[in-house]
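Each chain is listed here by its residues.
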Amino acid sequence: MSEPLPIHHFTGFDGTDLVWREIGGGRPVVLLHGLFSNAVTNWIRYGHAAAIAARGFRVIMPDLRAHGDSANPHDAAAYPTDVLAADGLALIAHLELDDYDLGGYSLGGRTTARMLALGASPRRVVIAGMGYEGLTRTGNRSDFFRRVLTLRGGFDKGTPEWFADAFLKSSGGDARALIHILDTFVDMTDAELARIGQPVLILSGKDDLDNGSAEALARALPDARYQAIPGNHMSAVVKPGLGVAIADFLAG
């Protein structure tokens, strides 16, 4: 994509200035990016948004609170539990969407699930880069990222912490803001998962176990199917299979 997509502004549930980008026209689909990332990196740079838009979708991609071009407050009071889900619901209300699809990658997948628990009612759902344990036992991942955000550097090259720290540096993430995101996570119960009645695509790199078992997550949902794509948690994002799989599912 030669020209950057315009930035649009909306306010989060508490008045925080947040942004989204969009491409395409047709049926709306809201896509949420992962931790330390942003809409451009997760959805635009590697062609996923364009591939989905080409199938007749209006692809709406916010930068989550503390990420990208959205506000990154340092005050812990700006990060109550489920804040990202509340912001997502605020975007849907702002755009007056009543017939739409919803999905996300990693943190965006967890946020998607929490939006469903809080009343979002999309037609179809994509939860990518996320497993059962990543939704039901969030402490494991929050502890990992807390180490990355507080120690900053000094990790052995090639370790998961080293890769996460390198990604944080490349994205220009604000560690003082991002660490508060970790305190907003909510463990989901099996009962909450069982109430997700929409058709759900559970999409994961075949070598991705960062958030637990994607196959187990698919089994925990009433109407879900698991699909593996090439790569691990980081590399699956740069491969075209991610966007193609999402487009195929939403257009099916």
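Structure's up top.
The sections below set out a description of the structure shown in this document. (Residues numbered from 1 in each chain as written. Predicted model: local features only at pLDDT ≥ 70, side-chain atom pairs only at ≥ 80, totals over all residues. Heavy atoms only, no water.)

## Remarks on helix α3 (residues 83-94)
- In a regular helix each residue adds 1.5 Å, so twelve residues correspond to 16 Å; α3 covers 16 Å between its end C-alpha atoms and thus fits that length.
- Buried within α3 we find Val83, Leu84, Ala85, Asp87, Gly88, Ala90, Leu91 and Ile92.
- Backbone geometry just after α3 places glutamate 96 at a positive phi near 55°. (Helix = DSSP H or I, 4+ residues; strand = E, 2+ residues; numbered from the N terminus. Expected span 1.5 Å × (residues − 1). Buried < 20%, exposed > 50% of the residue type's maximum accessible area, 1.4 Å probe, protein only.)

## Some remarks on the pattern of salt bridges
- All chains considered together, the criterion is met by 17 salt bridges.
- Between aspartate 99 and arginine 27 there is a salt bridge, and its shortest N-O distance comes to 2.7 Å. Here the residue aspartate 99 occupies a position in the loop between α3 and β5 (101-105), and arginine 27 occupies one in strand β3 (residues 27-32), the gap between them amounting to 72 residues.
- A relative accessible area of 44% means that aspartate 99 is categorised as partly exposed.
- Between aspartate 248 and arginine 55 there is a salt bridge whose closest N-O contact spans 2.6 Å. Residue aspartate 248 is found in helix α11 (residues 241-251), and its partner arginine 55 is found in the loop between α2 (48-53) and β4 (57-63); the two are separated by 193 residues along the sequence.
- One network of salt bridges, in which partners are shared, links Arg27, Asp99, Asp101 and Arg123. (Salt bridge = Lys/Arg side-chain N within 4 Å of Asp/Glu carboxyl O.)

## Some details on the pairing of β4
- Most of β4 sits inside the fold, with six of its seven residues counted as buried.
- In terms of strand pairing, strand β2 (residues 17-23) meets β4 through five bridges, oriented antiparallel. By the bridge assignment for β4, tryptophan 20 is matched with proline 62.
- For β3 and β4, the ladder comprises four bridges, and the chain directions are parallel. The partner of valine 29 across the bridge, within β4, is valine 59. (Pairing = 2+ DSSP bridges.)

## Notes on the sheet that holds strand β8 (residues 224-229)
- In space, the eight strands of this open sheet follow the order β1-β2-β4-β3-β5-β6-β7-β8, with mixed pairing throughout. Bordering the open sheet on either side are β1 (8-11) and β8, each of which pairs with just one other strand. On average, adjacent strands in this sheet sit at an angle of 25° to one another, irrespective of strand direction.
- As judged from the four bridges shared by strand β6 (residues 125-128) and strand β7 (residues 200-205), these two strands associate in the parallel manner. Across the sheet, valine 125 pairs through a bridge with valine 200, a residue of β7. (Axes fitted to C-alpha atoms, helices over the stretch in contact; angles between N-to-C directions.)

## What about the environment of leucine 201?
- Looking at where leucine 201 falls in the secondary structure, it is placed in strand β7.
- The spatial distance from the C-alpha of leucine 201 to the C-alpha of glutamine 227 is 7.2 Å, given a sequence separation of 26 residues.
- Beyond its immediate chain neighbours, meaning those up to four positions away, leucine 201 contacts Val125, Val126, Ile127, Arg225, Gln227, Ala245, Ile246 and Phe249. (Contact = heavy atoms within 4.5 Å.)

## Let's talk about the nonpolar core
- In this structure, Phe36 and Leu217 are the most contacted members of the largest nonpolar core, which totals 56 residues.
- If near-sequence neighbours (up to four positions away) are discounted, leucine 217 is found in contact with Ile127, Met130, Gly131, Tyr132, Leu135, Leu193 and Ile202.
- Counting residues in hydrophobic clusters, the runner-up holds 27 residues, among them Ala49, Ala53, Met61 and Leu203. (Core = buried A, V, L, I, M, F, W, Y, C linked by side-chain atoms within 4.5 Å.)

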